[in-house]
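Here is what each chain is made of, one letter per residue.
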Amino acid sequence: MKVVVQRARDAEVKVEGKIVGKIESGLMILVGFTDTDGLEQIKKIAHKVLNLRIFPDENGVMNKSVLDVGGSILSVSQFTLYGDTKKGNRPSYIKALNGTEAKKLYELWNEELQKEITVETGIFGADMDVTLTNVGPTTILMEIE
């Protein structure tokens, strides 16, 4: 499982020109799955994401989590996180989980996050336009096997 976490002032995702998910402040998350992923990995990374201290405290030190600052999450599935470019110039996506299974895990992922925070989402498998204002910029890549 791979997750890209970006601290966002605002973020939104559009499908066919219509906003389907939007947050004002919090985390923009891109998530991709592979065949060894399941509920155990989802719970572990969700806990880490929710408690990741990347928001500034009163002294300007990154010491607060999205939960501490009352933010929300925009979660977008992105199988291309498993793009392998070791051979040639065209990425191979062989390690990305098939769409049917990945959709199930994406839904479990969002449900796990929603237990503690407001979550907006994109539409799995859709062509999406994602925009955000990345604050810092702060971007963290998390991976679990």
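Structure's up top.
What comes next is a walk through the structure. (Residues numbered from 1 in each chain as written. Predicted model: local features only at pLDDT ≥ 70, side-chain atom pairs only at ≥ 80, totals over all residues. Heavy atoms only, no water.)

Some remarks on the overall build of the protein chain
Link 1 in the chain: Helices and strands together make up the secondary structure of the protein chain, namely 2 helices and 8 strands.
Link 2 in the chain: Sequence-ordered secondary structure for the protein chain, helices as α and strands as β, is β-β-β-α-β-β-β-α-β-β.
Link 3 in the chain: In summary, the protein chain has a C-alpha radius of gyration of 15 Å against a globular reference of 15 Å for 145 residues, a match within 12%.
Link 4 in the chain: Each principal axis of the C-alpha distribution contributes one length, and for the protein chain these read about 45 × 35 × 30 Å.
Link 5 in the chain: In the protein chain, which comprises 145 residues, the proportion classed as buried is 42%. (Helix = DSSP H or I, 4+ residues; strand = E, 2+ residues; numbered from the N terminus. Rg over C-alpha atoms; globule rule 2.2 N^0.38 Å. Buried < 20%, exposed > 50% of the residue type's maximum accessible area, 1.4 Å probe, protein only.)

Structural notes on the packing of aromatic side chains
Link 1 in the chain: Per the stated rule, a full pass over the model turns up 2 aromatic pairs.
Link 2 in the chain: With a centroid separation of 5.1 Å and an interplanar angle of 70°, the aromatic rings of Phe79 and Tyr93 are classed as edge-to-face. Placement of Phe79 in the loop between strand E6 (72–77) and helix H2 (99–114) and of Tyr93 in the loop between E6 and H2 is noted, with a sequence separation of 14 residues between them.
Link 3 in the chain: Ring centres of Tyr106 and Phe124 lie 6.0 Å apart, and the angle between their planes is 40°; this geometry places the pair in the tilted category. With a gap of 18 residues between them, Tyr106 in helix H2 and Phe124 in the loop between strand E7 (119–121) and strand E8 (128–143) connect regions that are remote in the sequence.
Link 4 in the chain: For Tyr106, a relative accessible area of 4% gives the class buried.
Link 5 in the chain: The residue whose ring lies beneath Lys2 is Tyr82, and the NZ or CZ to ring-centre distance is 4.7 Å.
Link 6 in the chain: Lying across the ring of Phe55, Arg7 places its NZ or CZ 5.9 Å from the centre. (Phe/Tyr/Trp six-rings, centres within 6.5 Å; stacked < 30°, edge-to-face > 60°. Lys NZ or Arg CZ within 6 Å of the ring centre and 35° of its normal.)

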